[in-house]
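Read off the chains here:
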Amino acid sequence: MNVGLYRTVAAMSANQQRVEIISSNIANADATGFKRMLHVAHGVENWADDAGHTQVAAASRLDMSQGVLQSTGNTLDLALEGPGFFVLEGTSSEILTRNGEFSLTERGVLVNPSGFPVQWAGGRGIIDPLKGAVRISGDGVVDQDGLPVGRLRIVNVDGPRSIEPDEFGGFRLRDGAEYVEANATVSQGFLERANLETIDELVELIAAQRSFESASQAFKTIDQSFSRLYR
Amino acid sequence: MIRSLYTAASGMKAQQFQVDTIANNIANVNTSGFKKSRLSFRSLLYQTYREPGLPLANNQNDVTGLQIGSGTEVSGSRKEMQQGVLELTGNSLDLGVEGAGFFEIELPNGEQRYTRNGTFRQDANGRLVTAEGYLLSDQVQIPPDSQGVSISADGEVYSLGEGNVQNQIGTIRLHVFPNPTGLRAMGGNYFAGTPSSGEPAATQPTTAGAGMVKQGYLERSNVETVDELVSLIVAQRNYEVNSRAIRVSDEMLQQVNQLIR
């Protein structure tokens, strides 16, 4: 058994996963509140009788850095500045999101584009859609025509490892993780763009492709030396 | 590898939708009362290859796990109901709305449509109709001997009769939707109510956020060409980057094929 041969395959497969992660980031360049995935390569000791030899494995980690705030001028477009999430009432569990593209239902319930209601701190605030100006302050307090409506629930988590992406384009709390005090400011009339630069992703993409090529070249070289050996 | 091909393709499709939407916005830059559309995107399901915390090999635990997304999808389009600029036309039957309300139009089949395009005219019987000849729901009939029509900010329509006498001949109401972004665009500048938009409330102009009627003005489209062009460039670049990801995936697949001689 040639260890090197398997190791090059592991490197190729890690770089393949890297390309998959980058592709997913690029595809979501226009998704509001999207957080990019980072590819983390780490060495794993894999050969028990061959200590000191490591092979590479891919892992992913959410990059929760702030996205650029883009002005939209819509009253119910909200962006978060700083670490924190809006909480949506999902069908089975709470959905955390940084996408504040909200609108009102006929009954005055604040919902996200998929129709999930936004959670409030305390009782659910009802905004009368037929009444006047809605103002939302930096700490999430909602006023309509100068009268208080309530306060939006904003939570934070203990680092990106406490959450994972869910099937609704948001995040869910991992088992055992808990909410912590949020320190985010709400900006009314803004949306947070995806926190990625296509140029950076493109550079990563090329780097992954070249690493893949190097690994496959190494595979070929090892393979050729074997074929010479057996001849 | 196959996965990233589909992932990038979903990104390209999303950008195509984006360009379609922008093109329609730009095409309507001169349409009175036009409201621009905006798409929202969301990420597709993430596939978990490895849960975090699983043992990898000799006494090592995977601290972060491996989750890979499968692309993006259009989660919806919405109408941006921001006010367009009111432009003076001087035409006495051109009505602009400053505020959130819509004019209600009745189609020949009895259905209601809503519009912000207040280009009205008279039909043969003196009734107010749209350019297509559909009746304004609040029936206003201008008498044949009318010397002129004046419409107040709160929608009251007066006709100037013989001897400079002002007679009120009707009231134009505005219709306010709980969620105007949920209206369905029907073409011809008309919107139809949907379960998402809710039932419209007929309100007298100048009350309860309906806005006021401005005679002699038309509301221009709320499309800003510069903004749209910037979005168009961004969409094109994103499209290119996605296609690049497809090419890279393809080249890597090719490389795998060449491994075996």
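The rules behind these values
Residues numbered from 1 in each chain as written. Chains lettered and ligands numbered in written order. Predicted model: local features only at pLDDT ≥ 70, side-chain atom pairs only at ≥ 80, totals over all residues. Heavy atoms only, no water. Helix = DSSP H or I, 4+ residues; strand = E, 2+ residues; numbered from the N terminus. Rg over C-alpha atoms; globule rule 2.2 N^0.38 Å. Buried < 20%, exposed > 50% of the residue type's maximum accessible area, 1.4 Å probe, protein only. Contact = heavy atoms within 4.5 Å. Buried area = accessible area lost by both parts, 1.4 Å probe. Salt bridge = Lys/Arg side-chain N within 4 Å of Asp/Glu carboxyl O. Polar contact = N/O pair within 3.5 Å; in protein donor to acceptor, adjacent residues only side chain to side chain. Core = buried A, V, L, I, M, F, W, Y, C linked by side-chain atoms within 4.5 Å. Domains from an automatic or database assignment. Nonpolar A, V, L, I, M, F, W, Y, C, P; charged D, E, K, R; others polar. Expected span 1.5 Å × (residues − 1).

**Here we look at the overall build of chain B**
Scanning chain B from N- to C-terminus turns up 2 helices and 23 strands. Computed over its C-alpha atoms, the radius of gyration of chain B comes to 27 Å, more than 25% above the 18 Å expected for a compact globule of 261 residues. C-alpha extents for chain B along the principal axes are approximately 100 × 35 × 35 Å. Counting all 261 residues of chain B, 44% fall into the buried class.

**Side note on the interface of chain A and chain B**
By convention, interface size is frequently given as the accessible area that disappears when the constituent parts associate. Counting from both sides, the interface comprises 65 residues of chain A and, opposite them, 64 residues of chain B. Buried surface at the junction of chain A and chain B, summed over both partners, amounts to about 5,300 Å²; 54% is from carbon and sulfur atoms. Looking at the side of chain A facing chain B, the largest losses of area belong to Glu20(A), Asp30(A) and Leu130(A), adding up to 12% of the total buried there. For the pair chain A and chain B, the number of links is 3 salt bridges. Arg78(B) is the partner of Asp77(A) in a salt bridge, and the nearest nitrogen-oxygen pair spans 3.7 Å. Here chain A is connected to chain B by 17 residue pairs in polar contact (both at pLDDT 80 or more). Looking at the side of chain A that touches chain B, the elements that each hand over two or more residues are helix H1 (3–27), strand S1 (37–45), strand S2 (54–62), strand S8 (103–104), strand S15 (163–165) and helix H2 (198–230) of chain A.

**Topic: the nonpolar core**
Membership of the largest hydrophobic core comes to 21 residues, with the highest contact counts inside it found for Phe34(A), Phe85(A), Leu96(A), Ile163(A) and Phe171(A). Put simply, the parts of the chain that give this core at least two residues each are strand S5 (85–89) and strand S14 (154–157) of chain A together with strand S1 (37–43) and strand S5 (66–69) of chain B. Aside from chain neighbours lying at most four places away, what touches Leu96(A) is Phe85(A), Phe86(A), Val87(A), Val155(A), Val157(A), Ile163(A), Gly170(A), Phe171(A), Leu173(A) and Tyr179(A). Grouped together as the second largest cluster of nonpolar side chains are 20 residues, Ile95(A), Leu110(A), Val118(A) and Val186(A) included.

**Some remarks on the domain arrangement of chain B**
Residues and elements named next belong to chain B. Once the domains are mapped, chain B shows domain 1 (2–81 + 223–260) and domain 2 (86–218). Its C-alpha centre places domain 1 at a distance of 42 Å from the equivalent point of domain 2. Taken together, the contact pairs 8 residues of domain 1 with 10 residues of domain 2. When domain 1 packs against domain 2, the two sides together hide about 750 Å² of surface, and 64% of this comes from carbon and sulfur. Broken down residue by residue, the surface that domain 1 buries against domain 2 is led by Ser32, Lys79 and Met81, which jointly contribute 61%. For the interface between domain 1 and domain 2, the tally reads 1 residue pair in polar contact (both at pLDDT 80 or more). Per-class residue counts for the side of domain 1 that touches domain 2 are 2 nonpolar, 3 polar and 3 charged.

**Concerning helix H2 (residues 225–259) of chain B**
Given a rise of 1.5 Å per residue, 35 residues ought to cover 51 Å, and the 51 Å separating the end C-alpha atoms of H2(B) matches this to within 8%. Within H2(B), the full set of buried residues consists of Glu228(B), Ala235(B), Asn238(B), Val241(B), Asn242(B), Ala245(B), Val248(B), Ser249(B), Met252(B), Gln255(B) and Leu259(B). Along its buried surface, H2(B) packs onto H1 and H2 of chain A together with helix H1 (2–27) of chain B.

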